[in-house]
Amino acid sequence: MKKKIAILPGDGTGPIVIKQMEKVLNAIEEKFDHSFELLEGDIGASAIEKVGNPLPEESLERCYEADVTIVGAVGDPKYDNNFSVNDTPDQGLLRLRKSLGLSYNVRPVRTFPNLLNISPLKRAYVKDVDFVIYRELSSGIYFGHKGRKDAHTAFDECVYRASEIEAVARPAFDAAQKRGDTLTLVDRANVLETSRLWREVVASIAKEYPAVAYNTLFIDHALADMVMRPQSFGVILTSNLFGDLMSDAVGVITGSVRLIPSMSIGEKTALFEPIYSAYPRGVRTVNANPVAGVLSVAMMMDYFDLKAEARALRSAVTKILSKGIGTPDLGLRHSVSAAEIGDLMANFITEGNISNMEKGGTII
């Protein structure tokens, strides 16, 4: 198989994580006889520094040319509270999603048996967690009309169309049906008119999936259940804003948001990104955790319908973590750098084993 992949490394930890994703892509090429042409571009703060634009036209053109896109972390602390600047790093990512016509995001949340202790929640709460969030991605309050009426009055408009809701609801029901699982719509229908439209549209679609147990939850109740009873969820379906909140909150369950992959899907293309801060507190760039990035590549293989390749990537992650090897943030027996993790995973894919592994209790 030959594919073109646009690579936008981004900022901070982004480039080092992207480098490890490229390593495992190269390993998949070698092992399974594929050809991946990588087209690199800029996005985020690094693009602003270079050309004054968080999403240069050249980067966007490379994404249009490619079959899929990979994005690293985007952001810089100096922009976090500078709201007077229109072109912030995050705006580049929002424009990219809109420009590529990405209608929804998929975020699977699974816990690893030997990492349960890094979650601040009780082990009984996080053991055997396996659910997935389907988040509408191109509409809602993030893309609505916004502004100031005067010095003391601001507004953000939230608009949804039935077609936009249906575009994410059907794939979510399809996933729930394949999983033999429940589907939970998360909204605020008691106060928001857009949520009431969500309920109408989703309830209508639910009739076409009698095998799926369909239910609804308000966002506040859903967040509480996600912390106290995460095993109760199968597929979560929700809007852009609520999905954003829930997708970040799941890091409490796994103990690190850097373990959770992500893909965004449109009619013609897809985007894969390990969503977390470009400058996480207390993490040096060289120690950035690439696990979410590698698992995002596995989701890309699924998107290409390359099932054996996806299994190889997930097996590499599981094998290394099970051996107590990880970046410092995971607190495992052997702490190694992002580059070392990437090398170990790539070697496992091509050779079926992990070189430079334990000898006398240390990494060599």
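Structure's up top.
Residues numbered from 1 in each chain as written. Predicted model: local features only at pLDDT ≥ 70, side-chain atom pairs only at ≥ 80, totals over all residues. Heavy atoms only, no water.

Here we take up the pairing of strand 8 (residues 182–187). Of all six residues in strand 8, five are buried; the element is thus mostly enclosed. Both strand 8 and strand 10 (residues 235–238) contribute to a ladder of four bridges, which runs parallel. Paired with L183 across the strands is V235, a residue of strand 10. (Buried < 20%, exposed > 50% of the residue type's maximum accessible area, 1.4 Å probe, protein only. Helix = DSSP H or I, 4+ residues; strand = E, 2+ residues; numbered from the N terminus. Pairing = 2+ DSSP bridges.)

On to the packing of aromatic side chains. What the rule picks out here adds up to seven aromatic pairs. When the ring of Y104 is compared with that of Y134, the centres are 5.9 Å apart and the planes differ by 20 degrees; the resulting orientation is stacked. Of this pair, Y104 sits in strand 4 (residues 102–110) while Y134 is found in strand 5 (residues 130–136), placing the two residues 30 residues apart along the sequence. For the residue pair Y104 and Y134, the accessibility class agrees, reading buried in each case. (Phe/Tyr/Trp six-rings, centres within 6.5 Å; stacked < 30°, edge-to-face > 60°.)

Through backbone hydrogen bonds, the strands of a sheet pair up, either in parallel or in antiparallel fashion. Read across the sheet, ten strands follow the order 2-1-3-12-11-4-5-10-8-9 without closing on themselves; strand pairing throughout is mixed. Two strands bound the open sheet, and with one partner strand each, they are strand 2 (35–40) and strand 9 (213–218). Averaged over all adjacent pairs, the angle separating strand axes in this sheet is 25 degrees, with direction ignored. With seven bridges connecting them, strand 4 and strand 5 associate as antiparallel partners. Along strand 5, the bridge assignment pairs R107 with I133. Lying on the sheet, helix 6 (residues 162–179) is in contact with strand 4, strand 5, strand 8, strand 9 and strand 10; it crosses strand 5 at an angle near 165 degrees. In the packing of helix 9 (residues 240–249) onto the sheet, contacts are made with strand 4, strand 5, strand 8 and strand 10, and the angle to strand 5 comes to roughly 150 degrees. (Axes fitted to C-alpha atoms, helices over the stretch in contact; angles between N-to-C directions. Contact = heavy atoms within 4.5 Å.)

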